[in-house]
Amino acid sequence: MDPLGSYKSIISARATDKRILKRCQDGGIVSAVFIYGLENNILDGVIVADKEEGFRPVPKVATTPEEVLEAAGTKYTVSPNLSVLKSAIREYACEKVGVVGTPCQILSLRKALKYPVGFRHMVDKVKLLVGIFCMENFPYMGMRIIVEELCGVRIEDVVKMDIGKGKFWVYTRWGEVKSVKLKKTHPYEQSSCHVCTDYTAELADISTGSVGSPDGWSTVIIRNERGEEIINKMIEEGYLERRPIDEGKFGLGLLKKLALVKKEKNMKEIEHRKELGLPVPPDVCH
Ligand code: SF4
């Protein structure tokens with residue numbers, strides 16, 4: 001079985017809009033897709049993770065490209081994006097909603113759409129699921145300890161965080177760049193992430209992340225016709241530029257390797273927890 005799940009194609013891509021590239025992570029795919037959707041009436045509201053003071057993530061319903069841009073950039077802590085879905089539909093009256101989420105959030109949303117108990121009137125309003133690659137995540141205080149104690153940066157001074165090349169990176173408003181090796185950040189991870197086997201959001205319409213593509217570009221996994229239609233239109237209309245994914249060991253090879261490592265490592269943890277009689281996820285992607 002392919003560790004990336006099912007998909008139609010995989011490309012490297014980046015946004016062409018300079019405003020997006022300035023604020024975003026890697027190729028800015030999530031922001032570009034949502035802005036394209038809003039500008040072309042494919043979506044009328046998108047759920048994104050914005051941030052409050054102290055880099056504390058807060059889910060938000062964005063209905064304009066400006067609001068999408070304000071929320072751009074990855075937050076390495078949990079943002080309960082699905083908690084505002086009802087609000088998007090009931091308060092903002094959105095009929096065509098896009099949602100970005102981690103693989104676990106995309107799995108939850110697919111389940112909710114499939115078995116919509118208390119959710120029936122929302123099913124036909126969720127139009128696009130964009131998943132982001134995720135190896136592990138941190139509770140807010142864990143992320144703060146990494147930034148303040150391991151990297152020695154005040155959280156108020158942080159403008160961007162990133163994970164890459166085996167390190168957690170912090171960028172400050174003074175132009176400083178600090179990093180810490182990921183092996184030092186492991187103790188601060190959420191324990192639920194250790195029984196999660198989905199790295200690439202296998203149930204999304206489009207999945208994206210940096211792994212597999214050169215700096216400044218994103219890998220884009222196009223999983224179904226809905227995802228293919230929007231990405232193809234964006235390329236045709238100049239919202240995205242694309243290049244073939246590198247098939248080698250630093251491209252697709254690395255992406256598949258990491259997806260497999262996560263499955264194998266966390267399946268072992270699931271088995272271990274079962275032996276101890278501890279709760280484990282009822283169904284996992286493996
Ligand atoms: Fe969710 Fe899994 Fe990522 Fe943890 S590792 S945030 S459980 S997708």
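Fair warning: this is a prediction, and the values are worked out from it, not measured in the lab.

Reading the values: the criteria
By convention here, each chain's residues receive numbers from 1 onward along its written sequence. Where totals are concerned, whole chains, interfaces and linings use all residues; where local detail is concerned, this predicted model gives features only for residues with pLDDT of at least 70, and gives and counts side-chain atom pairs only at 80 or more. Only hydrogens and water are set aside; all other atoms, that is, all heavy atoms of the structure, feed into the side-chain values. Any Lys or Arg side-chain nitrogen found within 4 Å of a carboxyl oxygen on Asp or Glu counts as a salt bridge. The helix and strand labels rest on DSSP assignments: H or I over at least four residues marks a helix, E over at least two residues marks a strand, and numbering proceeds from the N terminus. When a residue's accessible area, from a 1.4 Å probe over protein chains only, is under 20% of the maximum for its type it is buried; when over 50% it is exposed; and in between it is partly exposed. When DSSP finds at least two bridges between two strands, those strands are taken to pair. Working convention: axes come from line fits to C-alpha atoms, limited for helices to the stretch in contact. Angles between N-to-C directions cover 0 to 180 degrees. Pairs of residues are marked as contacts when any of their non-hydrogen atoms sit within 4.5 Å. Here, nonpolar core means buried Ala, Val, Leu, Ile, Met, Phe, Trp, Tyr and Cys residues that are tied together by side-chain atoms lying within 4.5 Å of each other.

S.K.: Sorry if this is basic, but what is going on with the pattern of salt bridges here?
M.R.: A side chain with one charge can pair with a side chain of the opposite charge if their charged atoms come near. A complete count under the given rule lists 17 salt bridges for this structure. Where Lys 256 meets Asp 2, a salt bridge forms, and the shortest distance between an N and an O atom there is 3.1 Å. Of this pair, Lys 256 sits in helix α9 (residues 252-275) while Asp 2 sits in the segment before β1 (9-15), and the two are 254 residues apart along the sequence. Note on Lys 256: relative accessible area 27%, which makes it partly exposed. The class of Asp 2 is partly exposed, set by a relative accessible area of 25%. The residue Lys 233 makes a salt bridge to Glu 229 at a minimum N-O spacing of 3.4 Å. With a gap of 4 residues between them, Lys 233 and Glu 229 both fall in helix α8 (residues 225-236), about one helical turn apart.

S.K.: Sorry if this is basic, but what is going on with the sheet that holds strand β8 (residues 177-181) here?
M.R.: Strand pairs in the sheet, formed through backbone hydrogen bonds, run parallel or antiparallel to each other. Strand order in this open sheet of 3 strands is β6-β7-β8, and the pairing throughout is antiparallel. The two strands at the open ends of the sheet, each matched to only one other strand, are β6 (158-164) and β8. Averaged over all pairs of adjacent strands, the angle between strand axes in this sheet comes to 20°, irrespective of strand direction. Bridge analysis of β6 against strand β7 (residues 167-172) gives 6 bridges, and the strand direction is antiparallel. Each residue of the ladder has a partner; that of Val 158, found in β7, is Thr 172.

S.K.: Would you take a moment to explain helix α6 (residues 140-150) for this structure?
M.R.: Taken residue by residue, α6 has Tyr 140, Gly 142, Met 143, Ile 146 and Val 147 as its buried positions. Close packing links the buried residues of α6 with β3 (56-62), β6, β7, β8 and α7 (182-185). The first or second residue beyond α6 is Gly 152, which carries a positive phi of 70°.

S.K.: For this particular structure, what's the right way to read the environment of Tyr 239?
M.R.: Looking at the secondary structure, you find Tyr 239 in the loop between α8 and β11 (240-244). Overall, the relative accessible area of 25% leaves Tyr 239 in the partly exposed class.

S.K.: When you look at the nonpolar core in this model, what are you seeing that I'm missing?
M.R.: Soluble globular proteins tend to bury their nonpolar side chains together. One finds Val 33, Phe 34, Val 46, Leu 128, Val 220, Ile 230 and Ile 231 to be the most contacted residues of the largest nonpolar core, which totals 30 residues. If you list the elements that add at least two residues to this core, you get β1, α2 (29-39), β2 (45-52), α3 (65-70), β5 (126-132), β10 (218-222) and α8. The biggest single contributor to this core is α2, with 8 residues. Apart from residues lying up to four places away in sequence, Ile 231 is in contact with Ile 11, Val 33, Ile 206, Val 220, Ile 222 and Leu 240. By size, the runner-up hydrophobic cluster in this structure holds 18 residues, among which are Ile 47, Leu 85, Leu 113 and Ala 204.

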